[in-house]
Structures are given as C-alpha cells and as structure tokens.
Amino acid sequence: MGPTRAQFIQYAPAALAVAAAAGGPWSALAAGAAGAGAWAIHASAPALRSLIACGITATGCGIAAHQVLASGMNPLFALGLAVPAGAAALAHHRNTTSELPALPATTTAAAAGQSSQAQLIAAWWAEFISGPTQTEGRKLIQAGAELAQLVLDVGDDSVSFTGIITLPQGQQVRVKAADIAAVYQIPVSQVDMGDPKHYAPNALPVVVHLKIAAAQPEIVAGAPTTPEQVWAAYVAIPEGAMPGTTLALTRYDGPLDWEGIATRDRKAIGTVNIQDLAGNLNLETIQVALAPTDKPSQMGVRVMKEHALMHGTMLSSVVDELAMDSRGYVRLGTYIDANAALVPLAQPGSGARHLYLVGGSRSGKSGILEQILLSAHKSRIAVILASPQAGTIAGAGLAAYCGDGLDEAMGALRLAYAMMLDREARYRSPAFPFTDPLIAFIIDEAHMLLSVSSPYHAEAKAIVEQLTRRSLKRGIGVLLATQTPLAEDLGNSTVIRSQLLIGGGAVFLRCAKGQGSLVGANAVEGAEGIDLSRIPSSWPGQYAKVADRDMSGLATAAAAGPEDGTFGLGYLLTPGSQAVQFRSLHLDVAPVSLAGDMAPVAVEDCEAWRHREAIAQTPMVDQRGKNLVGSLADVLTAAQQEPSAPQQQRVVAGPAGPAAPSDGQELIKPRILELLRNESIPMTAETIARKLGTSAKNIKPRLSELKKRDEVTNENGLWKAA
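Computed from a prediction, not measured in an experiment: that's the story for all the values here.

Asker: How should the overall build of the chain be read in this particular structure?
Answerer: The number of helices and strands found in the chain is 21 helices and 22 strands. The buried share of the chain, reckoned over its 722 residues, is 46%.

Structure, rendered in structure tokens:
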C-alpha cells in the first residue's frame, strides 16, 4: 500500500529538498509544486505556510549546491548546504503532526467510489485508530478496528458520518467516544456510539457529528399566555413547584378558570408546596387547588377565578346524608371537585373511629362540631362532650353527658375513661357484638386540658393517651379539637396525634399566622407543606364588597351567607390519602333544629354510668400525674372514698341567696331563677350547677319543676328564664 495523502504532505517536500541539494534547481521547483498541490487539496494555513517555507529553503539550497559543484569546489561544501534544507523539512514535519489539515467543506470528484471528504475521514481513522500504517511517535488506539460501511451526510450547516467499528471474530471493540473525538478534534458530545450490550462484541455502530448546526436563539414573541406555556415556563422548570412535569388541560374556560392533569414521566411527583405553585402561576393561594390521583406520577390541578366552594353547600339541603351509612361514614362537607366529603365515625365489625380537628378562632371549627353532634344523634351514637370553654357548643343538649367548663370537662374525660374500663371488663373479646351504643367522646378546646399550663395537664394527657390507644375496639371514638396543630396543644404527646391520625382522619382549618405550619415538628403525613395560616379569612374581591358600606343601621334579622367568609374552608385528610381541599356544610339552619323530637342517645346502664357524678369528681392519677388507675374496680373504689384533697368548688352567689350552696328545694329554686334572669345567655344544667356551687343532680329536678310552672324554658338542653 502506497503512502496516504497526509503522509505525502508531510514527507514529500523533505525528500525533494534533500534531493535538490544534489539534483539542482529543477528538483527545488518540484518542491514548490508540492506546495501548490497542498493548496489544491485545501491544506490548512499552517501546513501551507510550512510547505512554502520548506520549498523556498530547498530551492535556495539546491541552486547554491549546484553552483558549488559546477565550479569544481569541494563537494563537502555542497553537502553542507543540505543542512538548512533538512532543518526546514524537520520543521515542516513538526507543524503537520501538531495540526491536521481541516476537512473539506464540499464534496469533490469521487475516487474509488468515495468523495474526498470520505477518503480523508477514512485516512484519519486508519492513521490514528486502526492502522495498518502508523505515524512515527503516535500509538494506534486499537489496531485492526476498521471503520466499515462508512456513510457521509453533508448538509448546508452540518457534516456527519456513520459507520460500524469492525474487528475480527473473537475480539472486542475498545475504541471509546473520547478517542474518536480526539482524532477528529470535536467535543465528545458529538460522538454517539451504540450500547455494547445490544450488539456483537466485534461490531459497534458509531455516529460522528463533525459539524453541527449552530443553536438558533429562541425568539420570544411575548410572555407565555396559555396555561401549558405558563406551566412549562414557571412550574416545570427545576426551581419550580413541580419540576419535570407537563400539563394536559381537561377543561378550559379562561386563563383563570381551568383544570388539568400534571404528569411526570414515570416518576412520582411527591409533595407539592401549594404556596410555591400559586407563586409560579401568579395567583392567590386560594385560587389553586390540587387533587391527588391514583397514580403517584399524576396530580390534578384546578385554577379558579371564583373559588368552587365560595357558595358552599347548605346543611338543610343534605339532611339525608348526615346519618351514618353502612360503611360508617357521614357527610362533613364538599370537596373542591364537588364530590361529597365524608368522614368515618365507625367501621363495621371493627369499632369506632377517631377524628382530629384543628381550627383557629372564626375558622368554622364550632360549626363542624355541631354537625358531628347532629350526625351522631341521627346515627344513634351516644355523645360524651367535654367543653372546657363553657357555653360554646350550641348543640350540647344532644349529648348524653356534657362537661361544660374546665372542671366539668375534666370530669367528662374521667367518665369516658371509666366507660372504656367498664366495657373492657364486660367484653373480653376485642370484637364484642356491639349490643351497647357507639360512643363519640368529643373534646373541644383540648389544649385547655392538655397543655402544660393546664392544672389538669398530667391527668388529661394520661387519660387521652389511653383512650386513643384502646377505645376504638370498645366502640368509643375520640373527636379532639384544638386551635393549632402545634405539639404543645396536645401536651407534647406524639402518641395522641399519631393515634388520632391512624384511627380515623383529620380536618385542618385556618389557623393564626405562624401557628398553622404542617412541616417540621408538626408534619402530618399526607399534608406535607400545608400552612393553615395561608387560608385567607375572606374570598378574593371581598374587600371591595366590605368597602361598599351600608349606613342604614344594623340589620338584626340578616344572616351571614357562605360568601361572607371562608368559614369551614380547609383540608380533609382520611387514612391512606392526601389532604384534599374541602369546605364544611354551611349552617343555614341551626343543626339542633334538625334533630327532631328524639331524646339524646343514652349510654348503656352500667356501673361506670351509674356512678358518673362521683367518677367525674375523682382524680385518676396521683399527685405526680403517674400511676393512672387501671381497672374499673379501682375507679369505683376511689370514687366511693371521700377525696383526701377535695377540689375547690367555685361558688357564685345569686343576689337573693346565700354564698354557701344549699340543696333545699325551696331555697335553690329562687337562686336558679335569679341566675337565669341575670345571665344573658342560656345555660346547661351542668353550668347552672357549677355557678351555684352544687351538683347537677340537685339542679335538674328543680329545673323540671320550674318548667312545669312556666318560669323557665328549655330549648335543646339550654335553660333560660321565661
């Protein structure tokens, strides 16, 4: 095989220059012809300059040597003139080895079925990768790794070639993309090699992009306008709320009223920060809602100009859905997608269910508790109510037992615990046949009992921990309400929160600023990233309505509409799902007015219930808050004994009676009447007894007698003067 074109460019001038020293000026002219040939094949500028210099030097030395020999001088002088010619040839050799000639930009006449570009590509491959020839001082990358089936693709602004690296049978291709990139002086990213796992070891396809089209700058006609464009520009980017996702619209009624499905290609979307998403979309938080789907790689998205839950669902319109269904669910409100929001109060064949309710002042928490009281009443579930803040639950009359006030609420906790012990003593099997009614134990403002600042902190914490752990199988569910999701509101007990969430669900409503974060220590699985303080107190545009003042006076008969505030708006979390935005039912009528004439569901007649008054006043722990009473017999024994340190009773003396309590029939009635006439709000019998410093069992018969004489009235368990 003859020399390659590259070898000819390197060595021919040097040979001609040396020959010129002895052959005369005609051979020097041949060296100049070599420079012209290099120009014809588009050699690079450094190589061309090297050829010209080498040719001039060789010509000068050749002419001088010819003259020396013709004049008869010593031939050694003619040989010495060959030294500069040799130096010029050596310099040319170095120039051409450090920089290869550039590829031709256009095709020329074909030679042996290949264009000059293809020939040069093959020459470089043979020279530096496969052989068989080898330049001095350069090691082949893999001898014998020939480039077969070479195909050249030349475009207006791109040049590439494809081929198959082929070796004899039994050998393996070791040529790397970096090797090819070094030979052709291109970035490694422009070399694409096949996966060896999918091809024979001795045959590997390769694609080399010698010249790629320059990336055209993106011409932005304006800011993105469609939801898909906005999503791609701000949400799907790496620093966006949902990176790597694409949006597919399912409904579009305008730029601020659409629904869609966000999808991430075969990857879970994970937790989405709703605040970040609203910021990406340049919307208020309340205008954006997420709806998890069955696939972790998809998430439903809804953008609302007017919130879908702004007009609410009227309580009176879904009366038939308030009673518990065969699965143990009751309706609590409406989801963002207009479906009914259901929560379980029981599970057939298993027992009761817990519920964790969080909501600050004016968030709608009390309204939800009234709904639950009505649902329990319609479902024939007995209720034990603990309300440390007296007089806050309008439906307290639907409870079988109501602890209204701090001391009385603690008594309700003791009674609920005693009822659980009683049922454990009577039903040894975990799946007892439920001949007794289900019991819903509701604790409103639970932080007043559980927080470390409460005088009942240790006892209340111990009782609630045991109830949340053991009561479900006994048909007693705990519905606990606090103002914040902070751990302090639960007495810093992780047991209470975890058992509430495992045993039922959670409702999260608006909280005060800085107290509604569900991240960090207050994180709740399924509700990550939600900040309840971000739920606004009013709907978008409500400020303009408020500014339009009506100065005609207070309309005492006016009723608040669902559009007047975001009462009941929040998130509902059921076991095994994500928290979904919902709104509780709007109380267009008082829930107790829908209870009918049925009396409150009574607790079964048992030892704990028969001694409820004594049990309510008997501490269940020692002075250190430890050694919680563990059996019904011990509870009854402690209740029958006179307390060693009786609790101080608060006595409120009426104007017409003495300060000390009196149980006499004629003495207590005037005091009851005087108290009811002086108070501005109706009260339960327990509240009246507490204010008069006596027990409820002494008050209730007197109230019944006063009612027969039409001196007092009773509406749903609330007493007031006639």
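Asker: Looking at this model, I keep getting lost on the pairing of strand β5 (residues 245–252). Mind explaining?
Answerer: Looking along a regular strand, one sees side chains alternate from face to face of the sheet. Alignment of β5 against strand β6 (residues 258–264), held across 7 bridges, turns out to be antiparallel. When the sheet's bridge partners are listed, arginine 251 is paired in β6 with glutamate 259. Joining the antiparallel neighbours β5 and β6 is a turn of 5 residues, in which glycine 254 adopts a positive phi near 135 degrees.

Asker: Sorry if this is basic, but what is going on with the pattern of salt bridges here?
Answerer: Working definition: two side chains of opposite charge can pair if their charged atoms are close together. Inspection of the entire model under this criterion finds 22 salt bridges. Salt-bridge contacts for arginine 302 lead to glutamate 259; the nearest nitrogen and oxygen are separated by 4.0 Å. Residue arginine 302 is found in strand β8 (residues 298–303), and its partner glutamate 259 is found in strand β6; the two are separated by 43 residues along the sequence. Owing to a relative accessible area of 25%, glutamate 259 belongs among the partly exposed residues under this scheme.

Asker: Got a minute to help me understand helix α18 (residues 632–640) in this structure?
Answerer: Owing to its 3.6 residues per turn, the α-helix brings residues three or four apart onto one side. Of all the positions in α18, only Leu632, Val635, Leu636 and Ala639 are classed as buried. Projected down its long axis, α18 shows its buried positions confined to an angular sector of 95 degrees, all on one face. Elements that come into contact with the buried residues of α18 comprise α11 (406–426), α16 (607–610) and α17 (612–616).

Asker: Help me understand the nonpolar core in this model?
Answerer: One broad trend across soluble globular proteins is that nonpolar side chains are buried collectively. Residues Trp231, Phe441, Leu480 and Phe508 are the most contacted members of the largest nonpolar core, which totals 129 residues. Among the elements that line this core, the one with the most residues is α11, at 11 residues. Non-local contacts of tryptophan 231, meaning those with residues more than four positions away in its chain, are made with Ala236, Met242, Thr245, Thr246, Leu247, Trp258, Ala262, Leu277, Leu281 and Val301. Within the second largest apolar cluster, 25 residues are counted, among which are Trp125, Ala145, Val175 and Ile180.

Asker: Would you mind going over the sheet that holds strand β13 (residues 354–358) with me for this structure?
Answerer: One key point about sheets: their strands pair by backbone hydrogen bonds, in either a parallel or an antiparallel sense. If you trace the 10 strands from one edge of the open sheet to the other, you get β10-β9-β20-β19-β18-β13-β17-β16-β14-β15, paired in mixed fashion. For this open sheet the edge positions go to β10 (340–344) and β15 (401–404), each flanked by a neighbour on one side alone. Strand after strand, the sheet turns through a mean of 25 degrees between neighbouring axes, direction not considered. Pairing of β13 with strand β17 (residues 476–482) involves 4 bridges; the strand directions are parallel. Across the sheet, residue tyrosine 356 finds its bridge partner in β17, namely leucine 480.

Asker: What's the story with the sheet that holds β8 in this structure? I'm lost.
Answerer: If you walk across this open sheet you meet the 4 strands as β5-β6-β8-β7, and the pairing is antiparallel. Each edge of the open sheet is held by one strand with a lone partner, namely β5 and β7 (288–292). The sheet shows a mean angle of 25 degrees between the axes of neighbouring strands, direction not considered. Direction of pairing for β6 relative to β8: antiparallel, over a ladder of 6 bridges. In the sheet register, glycine 260 faces β8, and the bridge partner there is valine 301.

Asker: For this particular structure, what's the right way to read the environment of histidine 377?
Answerer: Mapping histidine 377 onto the fold places it in helix α10 (residues 365–378). Sequence spacing of histidine 377 and leucine 322 is 55 residues, and the spatial spacing of their C-alpha atoms is 9.6 Å.

Asker: I keep staring at the packing of helix α13 (residues 457–470) against helix α14 (residues 494–502) and nothing clicks. Help me out?
Answerer: Describing two packed helices takes the angle between their axes plus the distance from one axis to the other. Taken N-terminus to C-terminus, the directions of α13 and α14 make an angle of 30 degrees; their axes are 9 Å apart at the nearest point. Classed by the angle they form, the pair α13 and α14 counts as roughly parallel. In the packing of α13 onto α14, the handedness of the crossing is left-handed. Contacts between α13 and α14 involve Lys461, Val464, Glu465, Thr468 and Arg469 from the first element and Val495, Ile496, Gln499 and Leu500 from the second. Among the residues forming the contact of α13 with α14, the class breakdown is 4 nonpolar, 2 polar and 3 charged.

Asker: How should helix α20 (residues 685–692) be read in this particular structure?
Answerer: Buried residues dominate α20, accounting for 7 of its 8 residues. Along α20, the residues classified as buried are Ala685, Glu686, Thr687, Ile688, Ala689, Arg690 and Leu692.

Asker: Would you mind showing me how to read unusual backbone geometry here?
Answerer: Glycine aside, the phi torsion of most residues is negative, and most peptide linkages are trans. Phi at arginine 266 takes a positive value of approximately 55 degrees, unusual for a residue other than glycine. The residue arginine 266 is located in the loop between β6 and α9 (274–280) in this model. Even without being a glycine, asparagine 282 presents a positive backbone phi close to 60 degrees. Here asparagine 282 shows up in the loop between α9 and β7.

Asker: Can you help me understand the confidence of the model for the chain in this one?
Answerer: A low pLDDT score tells you not to read the predicted coordinates there in detail. For the chain, per-residue confidence averages 80 on the pLDDT scale, and 75% of positions sit at 70 or higher. No element of the chain has a lower mean pLDDT than helix α1 (residues 5–23), which averages 49, and none a higher one than strand β16 (residues 439–443), which averages 96. For the stretch residues 98–111, pLDDT sits under 50, and the model shows 32 contacts to residues farther than four places along the chain or on other chains. In this model residues 642–665 is a low-confidence stretch, pLDDT under 50, and it forms 31 contacts with partners more than four residues away in sequence or in other chains.

Asker: I keep staring at the packing of helix α6 (residues 116–130) against helix α7 (residues 177–184) and nothing clicks. Help me out?
Answerer: Close contact between α6 and α7 brings their axes to 10 Å; oriented N to C, the two are set at 120 degrees. Viewed along their axes, α6 and α7 adopt a mutual orientation that is oblique. Between α6 and α7 lies a crossing whose hand is right-handed. In contact with Ile121, Trp124, Trp125, Phe128 and Ile129 of α6, α7 contributes Ile180, Val183 and Tyr184.

Asker: Looking at this model, I keep getting lost on the pairing of β13. Mind explaining?
Answerer: Counting buried residues in β13 gives 5 out of 5 residues, a clear majority hidden from the surface. Side chains His354, Tyr356 and Val358 project from β13 onto one buried face, and the interleaved Leu355 and Leu357 project onto a second face that is buried too. Strand direction decides the pairing type here: β13 and strand β18 (residues 504–509), joined by 5 bridges, are parallel. Bridge assignment links histidine 354 to a residue of β18, and that residue is glycine 504.

Asker: Looking at this structure, I do not really get the environment of glutamine 499. What am I missing?
Answerer: Mapped onto the elements, glutamine 499 comes out in helix α14. The class of glutamine 499 is partly exposed, set by a relative accessible area of 23%. Setting aside residues no more than four positions away along its own chain, glutamine 499 makes contact with His354, Thr468 and Arg469.

Asker: Mind showing me how you'd approach the packing of aromatic side chains here?
Answerer: Two aromatic rings are characterised by how far apart their centres lie and by the angle between their planes. Inspection of the entire model under this criterion finds 4 aromatic pairs. Ring centres of tyrosine 401 and tryptophan 609 lie 6.4 Å apart, and the angle between their planes is 75 degrees; this geometry places the pair in the edge-to-face category. In this pair, tyrosine 401 sits in strand β15 while tryptophan 609 sits in helix α16, placing the two residues 208 residues apart along the sequence. Tryptophan 609 shares its class with tyrosine 401; the two are buried. Put simply, the rings of Trp124, Phe161 and Tyr184 pair up and form one aromatic cluster. For arginine 612, the ring lying beneath its charged end belongs to tryptophan 609, and the centroid distance is 4.2 Å.

What counts, and at which threshold
- Residues numbered from 1 in each chain as written.
- Predicted model: local features only at pLDDT ≥ 70, side-chain atom pairs only at ≥ 80, totals over all residues.
- Heavy atoms only, no water.
- Helix = DSSP H or I, 4+ residues; strand = E, 2+ residues; numbered from the N terminus.
- Buried < 20%, exposed > 50% of the residue type's maximum accessible area, 1.4 Å probe, protein only.
- Pairing = 2+ DSSP bridges.
- Salt bridge = Lys/Arg side-chain N within 4 Å of Asp/Glu carboxyl O.
- Arc of directions from axis to C-beta.
- Contact = heavy atoms within 4.5 Å.
- Core = buried A, V, L, I, M, F, W, Y, C linked by side-chain atoms within 4.5 Å.
- Axes fitted to C-alpha atoms, helices over the stretch in contact; angles between N-to-C directions.
- Parallel < 35°, antiparallel > 145°, perpendicular 65-115°, else oblique.
- Left-handed = near helix turned anticlockwise from the far one by under 90°.
- Nonpolar A, V, L, I, M, F, W, Y, C, P; charged D, E, K, R; others polar.
- pLDDT = per-residue confidence, 0-100.
- Phe/Tyr/Trp six-rings, centres within 6.5 Å; stacked < 30°, edge-to-face > 60°.
- Lys NZ or Arg CZ within 6 Å of the ring centre and 35° of its normal.

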